[in-house]
Amino acid sequence: METLYGLLVIKNGHLIAERYFNEGAAEQKNFALQSVTKSYTSALVGIALDQGFLSGTDQKMMDFFPEFAGQINDPRKKQITIGDMLKMRSGYPWEERTPPYLDILFFSGNWRWLSHIVDFPLTSDPGTEFSYSNLTSHLLGVIVARACNTDLKSYGQENLFSPINAEVGDWTSDPDNYNWGWGEISFTARDIARFGLLYLNGGEYGGKQVVSEEWVRESLQTYSEDINFTGWFSSKLGSYFSDIGYGYQWWSARVGNHRFNFAWGHGGNLIILLDELDMVVVTTADPLHGILGDEAWKHEGAIIDLVGKFIKSFPKE
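Residues numbered from 1 in each chain as written. Predicted model: local features only at pLDDT ≥ 70, side-chain atom pairs only at ≥ 80, totals over all residues. Heavy atoms only, no water.

Asker: Quick rundown of helix 6 (residues 152–161)? Include the residues and the values.
Answerer: The element helix 6 is extensively covered by neighbouring structure, given that 7 of its 10 residues are classed as buried. Residues of helix 6 that are buried include every one of L152, Y155, G156, Q157, N159, L160 and F161, and no others. In this structure, the buried residues of helix 6 make contact with helix 1 (36–50), helix 5 (134–148) and helix 7 (189–200). Residue D151 occupies the N-cap position of helix 6, its side-chain oxygen lying 3.3 Å from the main-chain nitrogen of K153. (Buried < 20%, exposed > 50% of the residue type's maximum accessible area, 1.4 Å probe, protein only. Helix = DSSP H or I, 4+ residues; strand = E, 2+ residues; numbered from the N terminus. Contact = heavy atoms within 4.5 Å. Polar contact = N/O pair within 3.5 Å; in protein donor to acceptor, adjacent residues only side chain to side chain.)

If you want it as structure tokens, here you go:
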């Protein structure tokens, strides 16, 4: 697997397996974890709520973007809540499935995404249908930054990363200096594993409650079920992952007898939370910038299947 960089396994709170491949190394802050970033953004939303910067998941998205209020022609956009956004039920398009929005976001060269609040249409009523929207996750990050009056990277380092002994590397920003809430965050593989361990342990790390237990529990619930992500198979990823679901910017799936939550980034970047086994599995991989479709899946699917085969090997405890 020429695109796999790292593989770590944490069992009962201890690192029991760690190996690096190809361009991977223990000290490497991996190039970009892609959509694993969304799970970090979700955690920062929860911390902002705990600290009182946000009042609740029922707050309206447009409360944080007053500069666009007079340009909104679809009244449904004014009803989108933070909770809808966390669940990927904002109503904004699933870009990969709804031309031309993927090209507009990623390949047009225009990274000023905030304007898409206005010009991207809703493809469903807010709160009703799952639609995997990178724009929505980016807007969540902007909401946290604006609510806390700081940048997302600094807020995350102080309130999430440092408390778990992690240090963020590069994190791409848009032209308005908002870190991308959907992707491009970077950490070492061990730092990523610490984040997984934080969620496996109900938001506690080193005896400190970093994220509230209630937020972790709400985040890892399944609000959308039987998601057909690939367009090829119903609610299935590769040869092992099935019953695909979604929480607050976290996925869920089943392999054999094991149900679990996971963060997932393009290329095969994964944080797997196996609660019943007290285990975290982390893979880091080439983020495959600009590579989509069958060519990307050839590499990404192989990594997902590697992890799936590993999970299936464990008897149910």
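Back to the write-up after that little detour.
Asker: Give a description of the packing of aromatic side chains that names residues and reports values.
Answerer: Aromatic ring pairs are reported here in terms of the distance separating the ring centres and the angle at which the planes meet. Overall, the coordinates contain 32 aromatic pairs when judged by the stated rule. Measuring from ring centre to ring centre gives 4.9 Å for Y199 and W250, while their planes differ by 35°; the resulting arrangement is tilted. Linking Y199 in helix 7 with W250 in the loop between strand 6 (241–246) and strand 7 (251–255), this pair joins segments that are 51 residues apart in sequence. Assessed through its relative accessible area of 0%, W250 is described here as buried. Members of the aromatic cluster, connected to one another through ring pairs, are W94, F130, Y132, F241, Y246, W251, F260, F262 and W264. Of note, K87 hangs over the ring of Y223, and the distance from its end group to the ring centre comes to 4.7 Å. The ring of W94 has R97 sitting right over it, with the charged end atom 4.1 Å from the ring centre. (Phe/Tyr/Trp six-rings, centres within 6.5 Å; stacked < 30°, edge-to-face > 60°. Lys NZ or Arg CZ within 6 Å of the ring centre and 35° of its normal.)

Asker: An account of the nonpolar core is requested, with residue identities and associated values reported.
Answerer: Where a protein is soluble and globular, its nonpolar side chains tend to be buried together. By size, the foremost hydrophobic cluster in this structure holds 74 residues, and its most contacted members are M61, F65, L160, F195 and Y199. Residues in contact with L160, not counting those within four places in the same chain, are Y40, A43, L44, I47, Y155, F195, L198, V210 and V211. V9, I227, L237 and I244 belong to the second-largest nonpolar core, a separate cluster that totals 25 residues. (Core = buried A, V, L, I, M, F, W, Y, C linked by side-chain atoms within 4.5 Å.)

Asker: Outline the pattern of salt bridges, supporting the account with residue identities and numerical values.
Answerer: Close approach of charged atoms allows side chains of opposite charge to pair. All told, the structure shown has 8 salt bridges when counted by the stated rule. For R190, the salt bridge goes to E18, with nearest N and O atoms at 2.7 Å. In this pair, R190 sits in helix 7 while E18 sits in strand 2 (residues 14–20), placing the two residues 172 residues apart along the sequence. Using a relative accessible area of 38% as the deciding quantity, one classes R190 as partly exposed. Classification of E18 by relative accessible area gives partly exposed; the value is 29%. Note that R76 is salt-bridged to D74, the shortest N-O span being 2.9 Å. Linked by salt bridges that have partners in common, D74, R76 and D125 make up one network. (Salt bridge = Lys/Arg side-chain N within 4 Å of Asp/Glu carboxyl O.)

Asker: So what's going on with the sheet that holds strand 1 (residues 4–11)? Residues and values would help.
Answerer: On the basis of which strands lie adjacent, the open sheet formed by 8 strands has the order 2-1-10-9-8-7-6-5 and antiparallel pairing. Edge positions in the sheet fall to strand 2 and strand 5 (236–237), since each of these pairs with one other strand and no more. Note that strand 1 and strand 10 (residues 279–285) share 7 bridges and pair antiparallel. From the neighbouring strand, K11 faces strand 10, where its bridge partner is M279. Its contacts with the sheet place helix 1 against strand 6, strand 8 (258–265) and strand 9 (269–274), and it is angled at close to 100° to strand 8. On the sheet, helix 7 packs against strand 1, strand 2, strand 9 and strand 10 and is oriented at approximately 145° with respect to strand 10. (Pairing = 2+ DSSP bridges. Axes fitted to C-alpha atoms, helices over the stretch in contact; angles between N-to-C directions.)

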